[in-house]
Amino acid sequence: MKHCQPRSARVSHTHHIPLSALRRVAINNDLPPALPLRDTLNRPLRDLRISITDRCNFRCTYCMPRERFGHSHPFLPRGSLLSFEEIARLARVFAGLGVEKIRLTGGEPLLRKDVHKLVAMLAGIPGLELTLTTNAALLSRQAQALKDAGLNRITVSLDSLDEATFRQMSDSDFSLSEVLQGIEAADKAGFKALKINMVVKRGVNDEGILDMVRHFRHSGHVLRFIEYMDVGETNAWRLNDVVSASEILARVHAGFPLEPLEANYPGEVARRWRFADGAGEIGVIASVTQAFCGSCTRLRLSPEGKLFTCLFATQGHDLMPRLRSGESDAALAGWVGGIWAARQDRYSELRNQAQLGDSGEKIEMSYIGG
Ligand code: SAM
Ligand code: SF4
Ligand code: SF4
């Protein structure tokens, strides 16, 4: 049986730093790396996604299928997780390396006790946009505390407005109304223009695309359709289950005419469209059919302190021993800078060019976050 989360044996401790990178980046000494930091494909480091737990109160069939994430699943022991203080320290180091946006994710980030306290610690770092992705089941009771703590934006994952389909996809005891209450509470707490992520799976929830559009038009929130991805090793992904972004757009456009919008910023993963009648905007994230590796500026930090340079990575880089052995911030920055400088990942592009070899087991989305 395949393991569902990376083992320490699969962690890479060595890095092959290209000469060009060595000229710019100081490794393991107290000199901070030169900025802007660029990887081998000239992509800057801008975004950090921090997965703060690998546990979840849902068992979405495309992410944590219950038969693979049951009672006996070896979730990370709580004592092995990065503490809030360690996360905040690392966030400062990353901000110094050019990171402008941090997204807290998981697993389900609202399951981590007192997550608003972590938000408050991160909100104090100048120049950072702070966001969080959640299934919203616990959002109604936490939204105000998150707002007060300084969280800037929230993304909510919601795949259907039909109770039966919602329950089938989320495979949880939570009801659709609890998620909708969470969205309402976030709105009331002052989070505007929530992003609502819908993963579209053919034959499962694609008939509900227009219901979602009708519901979120005029709401001020931005509905985003996500192509079902081949992340991890447990969801039995098949290309036939993917509804392409162009098909999704055609279906929406047939009901509610759309006009293209410019990206908000370079490297934005969603392509934006607005309703011609002014009812708001939607986005499509075409990670499968229109890969966007060329502008991928994202680095990922796992709950127990491993860095992953791609959502489809098979190996992480373990920060924990360095963090806990008293290395200085500058030395940590130099090490991370070396990892970024050596980065070559472009999994989705290679998948589309059918150039992927079998490089090992991919990490799970519930472990590393979306
Ligand atoms: N639990 C939180 C949530 O669901 O919002 C945060 C973590 S979840 C892994 C982050 C995002 O990944 C969600 O929007 C989810 O829909 C998306 N996701 C998970 N598995 C996916 C897959 N196979 N393809 C596309 N998106 C996926
Ligand atoms: Fe949990 Fe989010 Fe994965 Fe669903 S998508 S199982 S809510 S981590
Ligand atoms: Fe970035 Fe990897 Fe996704 Fe490409 S496949 S966009 S490199 S995370």
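Residues numbered from 1 in each chain as written. Chains lettered and ligands numbered in written order. Predicted model: local features only at pLDDT ≥ 70, side-chain atom pairs only at ≥ 80, totals over all residues. Heavy atoms only, no water.

A tally of regular secondary structure across the chain gives twelve helices and twelve strands. Burial statistics for the chain: of 370 residues in total, 56% are counted as buried. Counting contacts in the chain only where the partners sit at least 6 residues apart, residues at least 24 apart contribute 74% of the total. Put simply, the chain shows about 15,700 Å² of open surface, and 52% of that area lies on carbon and sulfur atoms. (Helix = DSSP H or I, 4+ residues; strand = E, 2+ residues; numbered from the N terminus. Buried < 20%, exposed > 50% of the residue type's maximum accessible area, 1.4 Å probe, protein only. Contact = heavy atoms within 4.5 Å. Areas by Shrake-Rupley, 256 points an atom, 1.4 Å probe, with all protein chains shown as cover.)

Running from N to C, helix H2 (residues 84–96) and helix H10 (residues 329–341) cross one another at 65 degrees; their axes reach a closest spacing of 10 Å. In the packing of H2 onto H10, the handedness of the crossing is right-handed. Between H2, through Arg89, Leu90, Val93 and Phe94, and H10, the contact on the second element is made entirely by Asp329, Leu332, Ala333 and Val336. (Axes fitted to C-alpha atoms, helices over the stretch in contact; angles between N-to-C directions. Left-handed = near helix turned anticlockwise from the far one by under 90°.)

So, about the site of ligand 1. Taken together, 20 residues form the shell around ligand 1, and within it Gly107, Thr134, Ser157, Val199 and Met229 come nearest. Residue Asn235 places a side-chain N or O atom 3.4 Å away from a nitrogen atom belonging to ligand 1. When ligand 1 sits alone it has 540 Å² of accessible area, and the protein chains cover 95% of it. For the shell around ligand 1, the elements supplying multiple residues, two or more each, are strand S3 (129–134), strand S5 (195–200) and strand S6 (222–227). (Near = heavy atom within 4 Å. Polar contact = N/O pair within 3.5 Å; in protein donor to acceptor, adjacent residues only side chain to side chain.)

Let's shift gears to the packing of aromatic side chains. A full pass over the atoms with the stated rule returns five aromatic pairs. Taken together, a centroid distance of 5.9 Å and an interplanar angle of 85 degrees make the contact between Phe308 and Tyr367 edge-to-face. Within this pair, whereas Phe308 is found in strand S11 (residues 306–308), its partner Tyr367 is found in helix H12 (residues 365–368), the two being separated by 59 residues in sequence. The residues Phe308 and Tyr367 share a single accessibility class, namely buried. Between Phe312 and Tyr347 the ring centres are 4.1 Å apart and the planes differ by 5 degrees, which places this aromatic pair in the stacked class. Highlighted residues: Phe312 in the loop between S11 and strand S12 (317–318) and Tyr347 in helix H11 (residues 347–352), separated in sequence by 35 residues. Accessibility expressed as a relative area gives 8% for Phe312, which makes it buried. (Phe/Tyr/Trp six-rings, centres within 6.5 Å; stacked < 30°, edge-to-face > 60°.)

Here we take up the sheet that holds strand S9 (residues 281–285). The strand order across the open sheet formed by twelve strands is S7-S8-S9-S6-S5-S4-S3-S2-S1-S10-S11-S12, and the pairing between neighbours is mixed. Whereas interior strands pair on both sides, the edge strands pair on one side only; in this sheet they are strand S7 (258–260) and S12. Summarising the sheet, strand S10 (residues 298–301) and S11 pair through two bridges and their orientation is antiparallel. Counterpart to Arg300 in the pairing with S11 is Phe308. (Pairing = 2+ DSSP bridges.)

Take unusual backbone geometry next. With a phi close to 70 degrees, His218 is a non-glycine residue in the positive phi region. In this structure, His218 sits in the loop between helix H7 (209–216) and S6. We note that Ala236 has phi near 55 degrees; this positive angle belongs to a residue other than glycine.

Let us now look at the side chain of Asp318. Tracing the backbone shows Asp318 in strand S12. Buried within the structure, Asp318 lacks any salt-bridge partner; Lys306 is the closest side chain of opposite charge, at an N-O distance of 5.0 Å. For Asp318, the side chain forms a polar contact with the main-chain nitrogen of Met320, separated by 3.2 Å. (Lys, Arg positive; Asp, Glu negative; His and termini not counted. Salt bridge = Lys/Arg side-chain N within 4 Å of Asp/Glu carboxyl O.)

Once that is clear, we can look at helix H6 (residues 176–189). Here H6 spans 20 Å end to end across 14 residues, near enough to the 20 Å set by a 1.5 Å rise per residue. Those residues of H6 not exposed but buried are Leu176, Val179, Gly182, Ile183, Ala185, Ala186 and Ala189. Structurally, H6 contributes buried residues whose contacts are with helix H4 (143–149), strand S4 (153–157), helix H5 (163–170), S5 and H7. Just downstream of H6, Gly190 is the residue with a positive phi angle, here 110 degrees. (Expected span 1.5 Å × (residues − 1).)

Under the defined criterion, the tally for this structure stands at one cavity of 30 Å³ or more. Along its surface, the largest cavity is lined by Met212, Val213, Phe216, Arg217, His221, Leu223, Phe275, Ala279, Gly280, Glu281 and Ile282. Counting only elements with at least two residues in the lining of the largest cavity, the list comes to H7 and S9. In terms of residue count, H7 provides more of the lining of the largest cavity than any other element does, three residues in total. Classifying every residue of the lining of the largest cavity gives seven nonpolar, two polar and two charged. (1 Å grid on protein atoms, 1.4 Å probe; cavity = no way out; pocket = protein on both sides within 12 Å on 5 of 7 lines; lining within 4 Å. Points joined across faces, edges and corners; volume = space filled by probe spheres on them. Nonpolar A, V, L, I, M, F, W, Y, C, P; charged D, E, K, R; others polar.)

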